[in-house]
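# Notes for the structure review
In case you want the letters, here they are:
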Amino acid sequence: MWTVAAVLVLPAVYGVSIFGLNALITILISVASCVATEFAIYGLFRHKTTVQDGSAVVTGLLLAFVLPPASPWYVPLVGGVFAIAVVKLAFGGLGYNIWNPALAARAFLLACWSVSLVSTWTNPVAHVRELRRTNDQLQMISTRVDGVTAATPLNARKRALAVYNEAIQKGREQSLPPAFRIEDPKEILRRLNVANKTSYLDLLVGLRGGCIGETCVVLLLLGGTILLIRGYIKWYIPIPYIATVALLTWALPVRLEMPGGAARLIAFAGDPLFHVLSGGLVLGAFFMATDMVTSPLTQKGCIIFAVGCGLMTALIRIYGGYPEGVCYSILLMNTATPLIDRYTKPKTFGAVKK
Amino acid sequence: MAQTFRGGIHPPEMKEATSEMPLKVAPVPDEVIIPLVQHIGAPCNPIVDKGDQVKRGQMVGEPGGFVSAPVHASISGTVTKVEPRPHYLGRKIPAIVIQSDGKDEWADGLNVEAEIGSLSREQLIERIQSAGIVGLGGATFPTHVKLSPPNNSPIDTVILNGAECEPYVTCDDRIMIERPNDIVEGLKIMMKVLNANTGIIGIEANKPKAIETLREAVDKEPSISVATLKVKYPQGSEKQLIYALTRRKVPAGGLPMAVGVVNQNVATTLAVYYAAKYKKPLIERALTITGDGVEQPGNYMVRVGTSVRELLDMAGMKPEANKLVLGGPMMGLAQYTQDISVTKGTNGILVIANAESWDHTACIRCGSCVDACPMNLNPSEISIACEASDVSAIKSTQILDCFECGSCAYVCPSKRPIVHWVKFGKAELSKLKAQNQQKAVEPVAEKK
């Protein structure tokens, strides 16, 4: 577990450097809250503590990674307590929890403080410009404390499409920029994407708004690869998960309103690379879905699980109300894990069919 | 080239200390303790009393049934006691204690050379049975029973198990290098008894000298071949060995004869040859004394009944030695005392220095055990059911197909003692079965 914690330090450092002091505070409160809760509850039950196995620290880090950088202090605090006390320990502790503690806590926090969790984004690009100008880290951090309600890339594209569809529906196509008053639906979609474009390189390196730990894809991939090589995670969850999301976000039909009242379903026009690099997909695929306790036991089971996660993520991102689907899709598949395990039991060597 | 099976693990081989050491004959002991249980099946009944004079090779315990094997005196001398003595299985078992008379004389009629070709099938089986031969790979199943399959199970292939997949142990390697022709003769005897037309000797690739030596020995035998096996634990397990060599799967809960195969360890085959050719009962066997806790590791030909304490005095124990295992590190049994004797099934005496113990944690459901299990079981599920002593959950698992190889416990990151739990779980199921059988027999109590 400590190896996983060590690997997570890289995106944590990146998150702090790009989002500022707020991110550091969130991370520290989250980790401290998780560790303290585990200590306290085991102490309460006069049980030997298990904090030294490192899993509370990892939960704390992962929880912080899925929170916006400028979250109020009580958000990671309550999240940590919920993740450890309710999601992990109430079910029996390490090895017995059904849901990923960090993700379940995030879902809980979203239900409690929905405004804080979707609008306290920090725009890192301006941050970086500031960095180049002042050349003084500490000074820069203290000037960027309050968040900017800037949209994350996923959010931006989803809203753009919704705005376009609404405009056409209400007969207000003249209010749209000239570039969008054309005939070809596929071209309209492409231009919508381009208008809300964050370059793939920026997405890869993490120069975009988002949660603390999910932005720097390159560091997350590096960490994930280290864990794969060392055998801490298996390839049959992250690879099928990401592959399914790429395939479905490319293929699934998107509804586009056309002038004159008819709506068209445009399929095979998605932007898979964008979807793979944005949101919390790489973080979720390599660090959350791969959690051994909450994923199936066998290889076949894990692939079914991963494809299920991919399906849910794609569906939520394209058709659902939320811009990001990773959190809920993993939680939903965690729920299905015992069922998957039951139907993918290994067949005994030499078993005779009755 | 090398064949293999699904699953398994690659523990370090640890054979360098003894693989080059030729077999040495251990000194004849002054006292031997012959347990009446050295096999699977009914225990033997003693046929000697305190004060009786016995000769080397004389039967001292008669078989308790068909699935049983007689035990013999391994030295000549006087019976001093017939009483329970510590046994490698962990409990005291009745044994015959013999004090040597220094003469080491064979009993009459034994150690006499015979012409094997003139012996009939029945005569060969009779010699094997009265010699008390059991499987020397460790399972100690009576060999004459294995060589007498029912008529509706024809055998076409005899496999010799030269895999020796347990780390540390090298005695089979040495007998293959030093007595290849005797082994091949033993195989031919078994093929004759079983009416089998094919013989395969399976040897793991880490024993190149044994492979080469045996290949030479079978050069003139058209129906016998030597096959190289990929080095993996537990390649020496019967079902996995048969699958690797013939691609036949022994049905779960069934025996190799169901797929037309009989499998024997190379040491057993050697003993079969000596019994058939020289009417020598099974009173000695090769074993390896090794581990970082002994001064002088080596491979020895040891008389059955020799005290392990004496052997360890001979090999020299280091002061940091604190764990004694009879067998190999994977499936051997840890001992609480040195005052046990070598039995027919002892293939290794392993002394470990600075051995540690550890605590285990909950199953984190990583699935490593499922990947490692050569029988494709679900050790995670079994371990959780046994840990909770949940008999109905244990019953719903495939625990009875587990042969306790230890691959799961070896890979478990939570260090769970899965094999210990399997033994416990199997005991619980036996208890349940016995209770149910008793209920079926007892009359229903009258309601008051």
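Small disclaimer: the values here were computed from a predicted structure and weren't measured. Every chain's residues receive numbers from 1 upward, in the order its sequence appears when written. Written order determines the labels here, with chains lettered from A and ligands numbered from 1. Predicted model: local features are reported for residues with pLDDT of at least 70 only, side-chain atom pairs are reported and counted for 80 or more only, and whole-chain, interface and lining totals are derived from all residues.

Now for the overall build of chain B. A tally of helices and strands in chain B yields 13 helices and 17 strands. As defined in this context, the radius of gyration uses C-alpha atoms, and a globule is described by 2.2 Å times the residue total to the power 0.38. Relative to the globule expectation of 22 Å for 448 residues, the C-alpha radius of gyration of chain B, 22 Å, shows essentially globular dimensions. The principal-axis extents of the C-alpha atoms in chain B amount to approximately 60 × 60 × 55 Å. Any residue with 12 or fewer other C-beta atoms within 10 Å of its own C-beta is exposed, any with 20 or more is buried, and the rest are partly exposed; the C-beta atoms used are placed from the backbone. Taken across its 448 residues, chain B has 52% of its residues classed as buried. Within chain B, counting contacts between residues at least 6 apart in sequence, those at least 24 apart form 73% of the total. A helix here means a DSSP run of H or I that spans at least four residues, while a strand means a run of E at least two residues long, and both kinds are numbered starting from the N terminus. By definition, residues are in contact whenever their C-beta atoms, placed on the basis of the backbone, come within 7 Å of each other.

To continue, consider the domain arrangement of chain A. When the parts of a complex come together, some accessible area is lost, and that lost area is often used as the size of the interface. Residues and elements named next belong to chain A. Each domain's extent is set by a domain assignment, obtained either automatically or from a database. Domain assignment breaks chain A into domain 1 (2-119) and domain 2 (153-207 + 216-343). The straight-line distance from the C-alpha centre of domain 1 to that of domain 2 is 25 Å. Taken together, the contact pairs 21 residues of domain 1 with 23 residues of domain 2. Examining the composition of the side of domain 1 that touches domain 2, we find that eight residues originate from one element, helix H1 (residues 2-19), more than from any other. Residue classes in the side of domain 1 that touches domain 2 are distributed as 16 nonpolar, four polar and one charged. For this scheme, ten residues count as nonpolar: Ala, Val, Leu, Ile, Met, Phe, Trp, Tyr, Cys and Pro. Four count as charged, namely Asp, Glu, Lys and Arg, and the remainder, Gly too, count as polar.

Our next topic: the interface of chain A and chain B. Taken together, the contacts link 16 residues of chain A with 21 residues of chain B. Classifying every residue of the side of chain A that touches chain B by side-chain character gives nine nonpolar, five polar and two charged.

Let us now look at the domain arrangement of chain B. Residues and elements named next belong to chain B. According to the domain assignment, chain B contains domain 1 (116-278) and domain 2 (368-441). One C-alpha centre belongs to domain 1, the other to domain 2; they are set 30 Å apart. Facing the six residues of domain 1 at the interface are five residues of domain 2. Of the residues assigned to the side of domain 1 that touches domain 2, the class counts are three nonpolar, three polar and no charged.

Residue and element names in this part refer to chain B. Among the five residues of strand E12 (residues 261-265), five are classified as buried, and the element is accordingly described as predominantly covered. Residue alternation in E12 divides its side chains into two sets, Val-261, Asn-263 and Asn-265 and Val-262 and Gln-264, and both sets are buried. In terms of strand pairing, strand E9 (residues 157-162) meets E12 through five bridges, oriented parallel. Pairing of Asn-161 across the sheet is with Asn-265, part of E12. In this analysis, strands are considered paired if DSSP registers two or more bridges between them.

Let us look at the environment of Glu214(A). All names here are of chain A. Within the fold, Glu-214 resides in the loop between helix H11 (200-205) and helix H12 (217-229). Residue classification places Glu-214 among the buried positions, given that 26 C-beta atoms sit within 10 Å. Separated by 67 residues in the primary sequence, Glu-214 and Leu-281 have C-alpha atoms spaced 7.9 Å apart. Excluding its chain neighbours within four sequence positions, the residues that come into contact with Glu-214 are Phe-65, Val-66, Gly-279, Gly-280 and Leu-283.

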